[in-house]
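# Understanding the architecture of this molecule
Here's the letter readout for the chains.
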Amino acid sequence: MERFFPVIRAFGMLLALFSLTLLVPLGTAHLFHDGAETAYDLAFFMTMGSGLFLWFFTRRHKRELNVRDGFLLVVLVWSALPVFAAIPFYTQLDIGFTGAYFEAVSGLTSTGATVLPGLDLLPVSINLWRHLIIWLGGMGLIVLAVAILPMLGIGGRQMFKAETPGPIKDARLTPRIAQTAKGLWLVYVGITALCGMAYYWAGMGAFDALCHAFSTVSLGGFSTHDASFAYWNSPLIEGIAILFMLIAGMNFSTHYVAIANVDLRTHLRDPEILWFLGVLLASILLIAFYLWSFHVYDSSATILRYAAFNVVSIATTAGFSSTDYSFWPFFAPLWMLFLCSFVPCTGSTGGGIKMMRAVLLYKQVYRELLRAMHPAAVRPVKLGGRSIPPNMLFAVLAFSFIYMVSLATLTLTLSFSGMEIITAFSAAVASLNNTGPGLGEVGPASNYASFSQFQTWVCSFAMLLGRLEIFTLLVVLTPAFWKK
């Protein structure tokens, strides 16, 4: 057990740093006298105290984190931090610990699923806290920590590799990992600021603009209103949201390089982004034509407006809604739910298997079809003009297999608990892909409040599994991980 003390020491530091974020809603609660002041006092002292205790108890155990340490620390952060983030929800709202933990996990994993009714009536500081944790979780608390921990004497390379999505684990934008993390966060903060100003200019109030900027750029989907974007019924606001959801659905590394080199053509040289935009455009036109053929709305402009916003929102795993699309012909919301499984780019704040893996799977299948006809043909799988090494293809195939097994297992588990199959399947898809709304009882006009405690914990686990890209969590759960 002592060999894991450096991990516990690092986690204690992270916990103490995380406690400082509670000062934001604490100050807001006192400023607006919204009745939630004591919730953050308790949360701050419990989080800070626990962090300092863990650090003090293991303070003499200092060393560079290895690969195993990185996996364990990432899992600890994403599974244990929600316990402390849930304290304001638990003490202020009547949802019990299960509901509070679910809400915190949903926030930190940028899922956007909620068990809270009456969002319009929540204390200001509670709504702010929900959106702050979803914003912190969007880019990844670990990526932020990697920029800070070297100053505290803890290397961050293994943490960064354990946190970063598969195909770009070993990519470096700068010589130092900490510098890379800082650069990504600067881009993230800058895009968030632009999004908030755009919302405010379009007619949102300052508080709503701030919260929805947090939620949009993180592709989280939390809102301060039960009606989500239908509350404003504004094509301009929806257009701004579409733009920033598209930006957030792209690789932030590409944004960083484009800004650093002052060359936006960098995006055109990223083949993943071209697939991302192409699939979204085709899907918008498909859904718009489908709604038109069923005469769902009277106006073609209205059809295109609702199709564009909701397709982009669900496909990028943001999870906002501008209308109750559960009343659309069933194919339309089902196709949107299918898109959220793979559309976001690698290195974005979205969930799912990511577009790069989907493209590589398609190219690998196409190659096998050609090889069936021409066994002697040599046809390497290429992406962006570069041949993909076999080990990466094997990793993509393995990840896709475990993804499908996880989705089937989660669906069967929820169905076993008594949930009807449409709700069970869509809740599993929406949780595993960190999307938020699904179909049936968890459609865009509903939430997860009707779930039993068992079902809520299953969805909480699914959100963590999806946010950690499955393997990171499963590695820690294997017996071999704990052997010396």
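Preceding block: the structure.
Attention here is on the structure that accompanies the text. (Residues numbered from 1 in each chain as written. Predicted model: local features only at pLDDT ≥ 70, side-chain atom pairs only at ≥ 80, totals over all residues. Heavy atoms only, no water.)

## Details of the environment of Ile273
The topology assignment puts Ile273 in helix H14 (residues 271-293). The class for Ile273 is buried, based on a relative accessible area of 2%. Expressed as a C-alpha distance, the spacing of Ile273 and Phe330, which sit 57 residues apart in the sequence, is 28 Å. Apart from residues lying up to four places away in sequence, Ile273 is in contact with Met250, Thr254, His267 and Cys345. (Helix = DSSP H or I, 4+ residues; strand = E, 2+ residues; numbered from the N terminus. Buried < 20%, exposed > 50% of the residue type's maximum accessible area, 1.4 Å probe, protein only. Contact = heavy atoms within 4.5 Å.)

## Re helix H16 (residues 331-339)
Buried residues of H16: Ala332, Pro333, Met336, Leu337 and Leu339, and no others. What you see down the axis of H16 is that its buried residues fit within an arc of 155°, all on one side. Against the buried residues of H16 lie H14, helix H15 (300-315) and helix H19 (421-432). (Arc of directions from axis to C-beta.)

## Some thoughts on the packing of aromatic side chains
For the structure shown, the criterion picks out 30 aromatic pairs. Centroid distance Tyr290 to Phe294: 4.8 Å. Interplanar angle 55°. Geometry classified as tilted. Counting every residue linked through ring pairs, the aromatic cluster contains Tyr199, Phe229, Tyr231, Trp232, Phe309 and Phe320. Positioned over the ring face of Phe222 is Arg130, at 4.1 Å from the centre of the ring. The ring of Phe399 has Arg357 sitting right over it, with the charged end atom 3.8 Å from the ring centre. (Phe/Tyr/Trp six-rings, centres within 6.5 Å; stacked < 30°, edge-to-face > 60°. Lys NZ or Arg CZ within 6 Å of the ring centre and 35° of its normal.)

## Some thoughts on a nonpolar patch on the surface
Residues Trp275, Tyr362, Val365, Tyr366 and Leu369 make up a contiguous nonpolar surface patch of roughly 510 Å² in combined accessible area. Tyr362 sits in the partly exposed class, given a relative accessible area of 47%. (Patch = residues over 30% accessible without salt bridge, like charges linked within 9 Å, V, L, I, M, F, W, Y side chains within 5 Å. Areas by Shrake-Rupley, 256 points an atom, 1.4 Å probe, with all protein chains shown as cover. Salt bridge = Lys/Arg side-chain N within 4 Å of Asp/Glu carboxyl O.)

## Structural notes on the pattern of salt bridges
This structure, assessed with the given rule, holds seven salt bridges. Among the ionic pairs, Arg357 bridges to Glu469, the shortest N-O distance being 2.9 Å. On the criterion of sequence distance, the pair formed by Arg357 in helix H17 (residues 355-373) and Glu469 in the loop between helix H20 (453-467) and helix H21 (471-477) is long-range, its members being 112 residues apart. When its relative accessible area of 5% is taken as the criterion, Arg357 is described as buried. The buried category is assigned to Glu469, whose relative accessible area is 10%. The network of salt bridges with common partners includes Asp263, Arg265 and Arg269.

## Things to note about the packing of helix H2 (residues 23-32) against helix H3 (residues 37-57)
The angle between the axes and the distance between the axes are what describe a pair of packed helices. Remark: H2 packs on H3, axes separated minimally by 8 Å, with the N-to-C direction vectors making an angle of 155°. Classified by the angle between their axes, H2 and H3 sit roughly antiparallel to one another. The two elements H2 and H3 cross, and the hand of that crossing is left-handed. Residues Leu23, Pro25, Leu26, Ala29 and His30 of H2 touch H3, and the partners they reach there are Glu37, Tyr40, Asp41 and Phe44. Tallied by class, residues from the contact of H2 with H3 come to six nonpolar, one polar and two charged. (Axes fitted to C-alpha atoms, helices over the stretch in contact; angles between N-to-C directions. Parallel < 35°, antiparallel > 145°, perpendicular 65-115°, else oblique. Left-handed = near helix turned anticlockwise from the far one by under 90°. Nonpolar A, V, L, I, M, F, W, Y, C, P; charged D, E, K, R; others polar.)

## What about H15?
Here H15 contains 16 residues, and its C-alpha end-to-end distance of 22 Å stays within 8% of the 22 Å for a straight helix at 1.5 Å per residue. Every buried residue of H15 is accounted for by Ile303, Tyr306, Ala307, Ala308, Phe309, Asn310, Val311, Val312, Ser313, Ile314 and Ala315. Each element contacted by the buried residues of H15 is listed here: helix H12 (235-248), H14 and H16. Among the residues trailing H15, Thr317 stands out with phi positive, at a value near 70°. (Expected span 1.5 Å × (residues − 1).)

## As for the side chain of Thr224
Turning to its location among the elements, Thr224 is positioned in the loop between helix H11 (206-217) and H12. Under the relative-accessibility criterion, Thr224 is labelled buried at 4%. In this structure the side chain of Thr224 is engaged in a polar contact, spanning 2.7 Å, whose partner is the side chain of Asp208. Setting aside residues up to four positions removed in sequence, Thr224 forms contacts with Leu119, Asp120, Asn127, His131, Phe207, Asp208, Cys211 and His212. (Polar contact = N/O pair within 3.5 Å; in protein donor to acceptor, adjacent residues only side chain to side chain.)

## Quick notes on unusual backbone geometry
Here the phi dihedral of Leu219 falls at roughly 55°; this positive angle occurs in a residue that is not glycine. Mapped onto the secondary structure, Leu219 falls in the loop between H11 and H12. On the basis of relative accessibility, which here comes to 0%, the residue Leu219 falls in the buried class. Within the chain, His295 stands out as a residue other than glycine whose phi angle is a positive 55°. Inspection of the secondary structure puts His295 in the loop between H14 and H15.

## Let's talk about the nonpolar core
Counting residues in each nonpolar core, the largest one holds 147 residues, and the members touching the most others are Trp129, Tyr199, Met245, Val343 and Tyr448. With 11 residues, helix H4 (residues 67-85) is the largest single contributor of residues to this core. For Met245, the contacting residues outside a window of four places in its chain are Thr216, Leu219, Phe309, Val312, Ser313, Thr316, Ala318 and Phe320. (Core = buried A, V, L, I, M, F, W, Y, C linked by side-chain atoms within 4.5 Å.)

## Regarding the packing of H12 against H15
Where H12 meets H15, the axes come as close as 10 Å, and the angle between the chain directions of the two elements is 35°. In terms of crossing hand, the pair formed by H12 and H15 is left-handed. Counting all contacts with H12, which are made through Pro235, Glu238, Ala241, Ile242, Met245 and Leu246, the residues of H15 involved are Arg305, Ala308, Phe309, Val312 and Ser313. Of the residues belonging to the contact of H12 with H15, the class tally is eight nonpolar, one polar and two charged.

## What to know about the side chain of Thr456
Here Thr456 shows up in helix H20. Since its relative accessible area comes to 6%, Thr456 is described here as buried. Dropping the residues within four chain positions of it, Thr456 is found in contact with Thr98, Phe102 and Phe451.

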